[in-house]
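Geometric and topological summary
So you can see what is in the structure, the chains are spelled out below.
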Amino acid sequence: KDYKAIAIDRPVAEVTDAEVDAELTRLAENTRTFTAKDGKAADGDRLTISYVGKIDGEPFEGGSDDEATVRLGQSRFIPGFAEQLEGVSAGEEKTITVSFPEDYGAADLAGKAATFDVKVKEVAGPDPIVIDDELAKRLGLESLGQLRDTIRQQIQSRYGFATRQKVKRQMLDQLDTLHSFALPETMVEQEFENIWRQITSEMTQAGRSFESEETTEEKAREDYRKIAERRVRLGLVLSQIGEANKIQVTDEEVQRALAAQLRQFPGREQVLIDYYRANPDAVAGLRAPIFEEKVVDFLLELVKVTDKTVSPEELLK
């Protein structure tokens, strides 16, 4: 097709000083220090506790801890857990009752009522937040100015990734619209089975059903088959464009992708290296996304791309 007819809006968001300040405050909050205090725990205090969780009077796996910390007002514990600890003092013991959310990650606990026998070891109040060179040094940098620059670059990198994803999505959508041809049924079936196996496995692990997703298995199969068809169609189109224009992936690029994989599994590097050596298809799996990105880059040089300034919220939506 005539790819020059494709027009893409590239959303671009600028990093503001307010965003950098907000991230600085978040970092200062995360590295905040606390000082032990006497008296009752109040909102914002950090508690050091030990606890034993029970269901129907029996302790359950993973439901105990001897050195847990709870920040009142910012707790990531079960809803209602931290709230019942407001007003406690160091040395106090208390039994609280909560219910696990219906969508809790562990299906065997979801929706169940539980009690927790809690012993408060320490109540500590938050020290004032100070954003200065010392904060930067605690984070491994030399000065507050360097920390601000680093934060700005990190935010801009995140925005750049989001821009890339939206541009790529527009490109793929238009390529999909431009092309219509009979698809190899075997490839579609293989792609659908891969997708379906992943989806059903994730649903089983999360304890979800098609009904809870407000659909039916028949409708879900229909939807995911369309996705499989799109993936095969676009895969063939991108492959054809790449081959016609002699786009290649170098061994060095594959090695960099492999190195990135190895960094995700420290201590298991040799096992992964042996796996890739013994499985050419796995190496092809490293090569394919690199090839796809290079074809997209090639097309972006041909199509009409117009920058469009947007808010960070709109970019990340």
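Structure's up top.
These numbers come from a predicted model, not from an experiment. (Residues numbered from 1 in each chain as written. Predicted model: local features only at pLDDT ≥ 70, side-chain atom pairs only at ≥ 80, totals over all residues. Heavy atoms only, no water.)

1. Quick look at the overall build of the chain
- The number of helices and strands found in the chain is nine helices and seven strands.
- The globule rule puts the C-alpha radius of gyration for 317 residues at 20 Å, and the 26 Å found for the chain is more than 25% above it.
- Overall size of the chain, expressed as C-alpha extent along the three principal axes, is 75 × 50 × 40 Å.
- Relative to its 317 residues, the chain shows a buried fraction of 31%.
- Considering only contacts within the chain whose residues lie at least 6 apart along the sequence, 73% involve residues at least 24 apart.
- Taking the average location of the 43 positive side-chain charges in the chain and that of its 61 negative ones, the two points are 4 Å from each other. (Helix = DSSP H or I, 4+ residues; strand = E, 2+ residues; numbered from the N terminus. Rg over C-alpha atoms; globule rule 2.2 N^0.38 Å. Buried < 20%, exposed > 50% of the residue type's maximum accessible area, 1.4 Å probe, protein only. Contact = heavy atoms within 4.5 Å. Lys, Arg positive; Asp, Glu negative; His and termini not counted. Charge placed at Lys NZ, Arg CZ, Asp CG, Glu CD.)

2. Brief notes about the pattern of salt bridges
- Counted under the stated rule, the structure contains 28 salt bridges.
- Linking D117 and K54 is a salt bridge whose minimum nitrogen-to-oxygen distance equals 3.1 Å. Here K54 lies in strand β3 (residues 46–55) and D117 lies in strand β6 (residues 113–126), a separation of 63 residues in the sequence.
- Residues participating in the shared-partner salt-bridge network are R164, K168, E292, E293 and D297. (Salt bridge = Lys/Arg side-chain N within 4 Å of Asp/Glu carboxyl O.)

3. Some points on unusual backbone geometry
- For D56, which is not glycine, the phi dihedral falls at a positive 55°.
- When you line up the elements, D56 lands in the loop between β3 and β4 (58–71).

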